Amino acid sequence: MKVRYSYLKQQFSNADQLWKNLKNFVSTGDFTLGKELLKFEKKFARLIGAKYAVGVNSGTDAIKLSLKVIGVNQGDEVITAANTFVATVGAICELGAKPIFVDCDDTFCMNVNLIEKKITSKTKAIVPVHFTGYMTDMIKLNKISKKYKIPIVEDACQSILASQNKKNAGTYSDFGAFSLHPLKNINVWSDGGIIVTSKKKYYEKLKLLRNHGLINRDSVKICGYNSRLDTLQAVVGNWLIPKSKSIARQRIKNANYYDQNLSRIKQIKIPPRLKNFKIVYHLYIVFAEKRDELLKYCLRKGIEAKIHYPLPMYRQPAMKFLNHKVGDFPITDKHAKSIISFPCDQHLSKKEMNYVIKCVKDFYSKI
Ligand SMILES: Cc1ncc(COP(=O)(O)O)c(C=O)c1O
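Summary of the structure given here. Predicted, not measured: the structure shown is a model, and the values here were computed from it. (Residues numbered from 1 in each chain as written. Predicted model: local features only at pLDDT ≥ 70, side-chain atom pairs only at ≥ 80, totals over all residues. Heavy atoms only, no water.)

### A few points about the packing of helix α10 (residues 291-300) against helix α12 (residues 350-366)
Next, step 1: Packing of α10 against α12 brings their axes to within 10 Å, and their N-to-C directions diverge by 125°. One way to sum up the angle between α10 and α12 is to call them oblique. Relative to α12, the crossing made by α10 is right-handed. Taken together, the residues of α12 that come into contact with α10 (itself represented by Glu293, Leu294 and Tyr297) are Cys359, Val360, Asp362, Phe363, Tyr364 and Lys366.
Next, step 2: Counted by class, the contact of α10 with α12 contains 6 nonpolar, no polar and 3 charged residues. (Axes fitted to C-alpha atoms, helices over the stretch in contact; angles between N-to-C directions. Helix = DSSP H or I, 4+ residues; strand = E, 2+ residues; numbered from the N terminus. Parallel < 35°, antiparallel > 145°, perpendicular 65-115°, else oblique. Left-handed = near helix turned anticlockwise from the far one by under 90°. Contact = heavy atoms within 4.5 Å. Nonpolar A, V, L, I, M, F, W, Y, C, P; charged D, E, K, R; others polar.)

### Description of helix α11 (residues 330-338)
Next, step 1: Buried within α11 are the following residues: Thr332, Asp333, His335, Ala336 and Ser338.
Next, step 2: On its buried face, α11 sits against β14 (284-288), α10 and β15 (339-342). (Buried < 20%, exposed > 50% of the residue type's maximum accessible area, 1.4 Å probe, protein only.)

### Remarks on the environment of Leu65
Next, step 1: Assignment of secondary structure puts Leu65 in helix α4 (residues 59-70).
Next, step 2: Between the alpha carbons of Leu65 and Arg210 there is a distance of 7.5 Å; along the sequence they are 145 residues apart.
Next, step 3: Sequence-distant contacts of Leu65, that is, excluding residues within four places in its chain, are made with Val56, Ile195, Leu206, Leu209, Arg210, Tyr225 and Ser227.

### Considerations on the pattern of salt bridges
Next, step 1: For the structure on display, the rule yields 18 salt bridges.
Next, step 2: Residue Glu36 pairs with Lys39 through a salt bridge whose shortest N-O separation is 3.4 Å. In this pair, Glu36 and Lys39 both sit in helix α3 (residues 35-48), 3 residues apart, roughly one turn of the helix.
Next, step 3: For Lys147, the salt bridge is made with Glu116, and the minimal N-O distance between the two is 2.8 Å. With Lys147 in helix α6 (residues 138-148) and Glu116 in the loop between β3 (98-102) and β4 (123-127), the pair connects residues that are 31 residues apart, well separated along the chain.
Next, step 4: The partly exposed category is assigned to Glu116, whose relative accessible area is 33%.
Next, step 5: Sharing partners across several salt bridges, the network here consists of Asp61, Lys64 and Glu94. (Salt bridge = Lys/Arg side-chain N within 4 Å of Asp/Glu carboxyl O.)

And the structure:
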């Protein structure tokens, strides 16, 4: 049996209405900053629980443009998670700022208790990463942000509809950055991203920044970027939005099923499932003994298991200039050796999950 990781073939296999919408859209020629984009931004803001949303060309740019609004510049420091995907760090570095890493805990998010000692006079922003569909403890982090008057940009790229105390990821601070990349929980057909904010002045500035700083066709108010979300992708987004809550629900259901069954295997440890957090399982990750062997076994059995990520960001060659050494972020290091991700998407069947569970059981029974 094969258990694939990418579910994209299924995601758009039953999309007659979407094709009709796309055909109508193409006939309008309304391709750049079009009506469908505005509609998508309004719907996305409502879905997340923010006043405004601004579509941009990627989740990376969603972070970068938000940091730009805050005024992050060459030589500033930005605190973020040591175990994130490269894009978070790339956005910080693109602005000439220095990423200051903080270790994670077993929820895969930044351990907020470690942040205060990283704050210096150069700290200009904090970028918590709501990693894997989990959420950073934003209640604690907001207290730190207020105490030191340091603004936050939430990297919610993996966490559409995750929440803490029923308040969604991306709404705990002035900027929530989301990715619409094809492998994200709400996915369009190319790169795409969106920023939510509830402050009008930030909304206006973000709109300027994503469109060359143009206030109209002929006047350039500030230096900006070409970072618009394609209106065509907004048509896809508008088709997906009504499905977004059921996508999250199905992923949660699948993860609960895995949890129930995999927790019976003593060599597998399930990460903490904290009660007041809703995890939306962009990734389903557990800790596994003999992880490398288990991964090889799963791959041999046709299961596309993965490691997110085998070499932590702080140890990547591109981060050499930070002069970190192995062991600086021990929990991140421990995770890199023990985590394994299994497919958990909304299209996965019970049969496929049972096969994954069986293979993991078989592997440990053989050693
Ligand atoms: C944690 C995290 N931050 C940022 C991004 C950037 O998103 P994008 O690929 O849309 O630029 C991603 C996407 O993979 C991500 O996983």
